[in-house]
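One-letter residues, chain by chain:
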Amino acid sequence: MSYSAKIGPSILSSDLACLGSECVRMMECGADYLHLDVMDGHFVPNITFGHPMVECLRNCVGPDPFFDMHMMVSRPEQWVKPMAAAGANQYTFHLETTTNAGNLIKEIRESGMKVGLAIKPGTSVEELAPWAGQIDMALVMTVEPGFGGQKFMEDMMPKVSWLRSQFPSLDIEVDGGVGPSTIHKCAEAGANMIVSGSAVVSSDDPRSVITMLRTAVSEAMQKRSLDR
Ligand SMILES: O=C(CO)[C@@H](O)[C@H](O)COP(=O)(O)O
Ligand SMILES: [Fe+2]
């Protein structure tokens with residue numbers, strides 16, 4: 001087993017006028033990485049921010065925090081180089097947005113970033129599988145992308161279990177409606193990278209929530225390795 005439990009707050013649910021200090025606050029509360037949601041108003045019905053904001057956030061938080069860019073954009077090819085230059089570490093694009101995933105994976109790697117590949121709830125995991133050997137992380141969306149604060153879709157868990165059974169050392173991320181009441185389903189299914197927005201950011205005690213989420217994932221990982 002080469003993966004580990006990692007918790008990445010999504011800052012979409014925070015006060016957008018304070019994004020820099022919110023990123024710093026999340027890292028101080030024990031986040032393992034930051035999940036930054038880029039929306040273009042076309043692939044999803046919402047707009048957030050682009051690479052100029054990412055560059056400002058990088059300058060604000062310093063070189064260490066890992067930026068996982070969740071690119072909810074129709075033309076992911078367009079933003080690879082600008083995001084790399086802005087300080088992104090991982091570029092997670094949606095399989096639904098491209099007919100040439102292989103080329104995009106290559107471009108992302110050549111730009112020095114890790115590669116994440118995301119699927120919407122309506123996309124089957126078998127469509128992602130052919131790329132699994134070439135990516136660093138698979139993202140199984142547990143809500144329709146576009147907004148924070150939505151209800152967790154438990155019926156996505158078979159996708160996570162299947163991926164974990166087929167690709168035992170792949171980083172598998174879940175995103176959407178994940179918090180203390182839903183983490184056990186994700187952890188048992190085999191997810192190890194946990195995006196949590198409103199449950200962490202809106203909590204009075206984000207540190208405890210982050211610790212609780214990580215513990216749930218670590219315990220499920222330990223149980224899986226004992227069961228084998
Ligand atoms: O990508 C998305 C939504 O499209 C997510 O990253 C959400 O922003 C997570 O927020 P919660 O559902 O955890 O509140
Ligand atoms: Fe996201």
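The structure presented is a predicted model; accordingly, all values stated were derived computationally and were not measured.

1. A closer look at helix H9 (residues 206-227)
Then comes step 1: The end-to-end C-alpha distance of H9 is 32 Å, a good match for the 32 Å that 22 residues give at a rise of 1.5 Å each.
Then comes step 2: The set of residues buried in H9 consists of Pro206, Val209, Ile210, Leu213, Ala216, Val217, Ala220 and Met221. One side of H9 carries all its buried residues, which in axial view fall inside an arc of 125 degrees. For H9, the exposed residues set more than 90 degrees away from the buried face come down to Gln222, Lys223 and Leu226.
Then comes step 3: If you follow the buried residues of H9, they end up packed against strand S1 (6-9), helix H1 (19-28), helix H7 (183-189), strand S8 (193-196) and helix H8 (198-201).

2. Concerning the coordination of the iron ion (ligand 2)
Then comes step 1: Protein-derived coordination of the iron ion (ligand 2) comes from His35 (NE2), Asp37 (OD), His70 (ND1) and Asp175 (OD), at a distance range of 2.0 to 2.2 Å.
Then comes step 2: Taken together, the 6 donor atoms coordinating the iron ion (ligand 2) and their angles of 73 to 175 degrees define a geometry best described as octahedral.
Then comes step 3: Counting gaps between the donor residues of the iron ion (ligand 2) yields the pattern H-x1-D-x32-H-x104-D. Here Asp175 lies in strand S7 (residues 171-175) and Asp37 lies in strand S2 (residues 34-39), a separation of 138 residues in the sequence. By the burial criterion, Asp37 is buried, and Asp175 matches it.

3. Observations concerning the side chain of Thr97
Then comes step 1: In this fold, Thr97 is placed in the loop between strand S4 (90-94) and helix H4 (101-110).
Then comes step 2: Taking relative accessible area as the criterion, Thr97 reaches 14% and is therefore assigned buried.
Then comes step 3: Excluding residues within four positions of it along the chain, Thr97 makes contact with Phe43, Val73, Ser74 and Pro76.

4. Some thoughts on the UniProt feature "binding site: substrate" (unreviewed entry) in the protein chain
Then comes step 1: Mapped onto the present numbering, the UniProt feature "binding site: substrate" (unreviewed entry) falls at Ser10, His70, Gly146, Phe147, Gly148, Gly149, Gly177, Gly197 and Ser198.
Then comes step 2: Beyond its immediate stretch of four places on either side in the chain, Ser10 contacts His35, Asp37, Val195, Ser196, Gly197 and Val201.
Then comes step 3: Along the chain, Gly197 turns up in the loop between S8 and H8.
Then comes step 4: Gly197 has contacts with Ser10 and Ser13, leaving out every residue within four places of it along the chain.

5. Observations concerning the confidence of the model for the protein chain
Then comes step 1: The predicted model of the protein chain has a mean per-residue pLDDT of 97, with 100% of residues at 70 or higher.
Then comes step 2: Reported confidence for the predicted complex is 0.99 by ipTM and 0.98 by pTM.

6. Some words on the sheet that holds S7
Then comes step 1: Read across the open sheet, the 8 strands follow the order S1-S8-S7-S6-S5-S4-S3-S2; overall the sheet is parallel. In this open sheet, the two edge strands, each paired with only one partner strand, are S1 and S2. Averaged over all neighbouring strand pairs, the angle between strand axes comes to 25 degrees, with direction disregarded.
Then comes step 2: Judged from the 4 bridges that link them, strand S5 (residues 114-119) and strand S6 (residues 137-141) form a sheet pairing that is parallel. Within S6, the position partnered with Ala118 by the bridge is Leu139.
Then comes step 3: Relative to strand S3 (residues 67-72), helix H2 (residues 51-61) is tilted by about 165 degrees, and along the sheet it contacts S2 and S3.

7. Thoughts on the UniProt feature "active site" (unreviewed entry) in the protein chain
Then comes step 1: The residues that UniProt annotates with the feature "active site" (unreviewed entry) are Asp37 and Asp175. Taking the farthest pair of C-alpha atoms as the criterion, the annotated set spanning 139 residues converges on one region, since that pair is 10.6 Å apart.
Then comes step 2: In this structure Asp37 touches Ser10, Leu12, Thr48, Phe49, His70, Met72 and Asp175, once residues within four positions along its chain are discounted.
Then comes step 3: Within the local environment of Asp37, its side chain forms a polar contact with the side chain of Ser10, the two groups lying 2.8 Å apart.
Then comes step 4: Ignoring any residue separated from it by four or fewer positions in sequence, one finds Asp175 in contact with His35, Asp37, His70, Leu139, Val140, Met141, Thr142, Val143 and Val195.
Then comes step 5: One polar contact links Asp175 to His35, side chain to side chain, over a distance of 3.1 Å.

8. Structural notes on H1
Then comes step 1: Turning to H1, its buried residues are Leu19, Gly20, Glu22, Cys23 and Met26. Looking straight down H1, one finds its buried side chains confined to an arc of 165 degrees; they lie on one side.
Then comes step 2: Packed against the buried residues of H1 are S1, S2, H2, H8 and H9.
Then comes step 3: Of the residues one or two after H1, Gly30 is the one with positive phi, at around 100 degrees.

Each value, and the rule that gives it
Residues numbered from 1 in each chain as written. Chains lettered and ligands numbered in written order. Predicted model: local features only at pLDDT ≥ 70, side-chain atom pairs only at ≥ 80, totals over all residues. Heavy atoms only, no water. Helix = DSSP H or I, 4+ residues; strand = E, 2+ residues; numbered from the N terminus. Expected span 1.5 Å × (residues − 1). Buried < 20%, exposed > 50% of the residue type's maximum accessible area, 1.4 Å probe, protein only. Arc of directions from axis to C-beta. Contact = heavy atoms within 4.5 Å. Donors = N, O, S within 2.8 Å, 3.2 Å for Na, K, Ca; no water. Tetrahedral: all angles 85-135°; square planar, octahedral: opposite > 155°, others 65-115°. UniProt positions renumbered as here; feature names shortened; annotations may be inferred. pLDDT = per-residue confidence, 0-100. Pairing = 2+ DSSP bridges. Axes fitted to C-alpha atoms, helices over the stretch in contact; angles between N-to-C directions. Polar contact = N/O pair within 3.5 Å; in protein donor to acceptor, adjacent residues only side chain to side chain.

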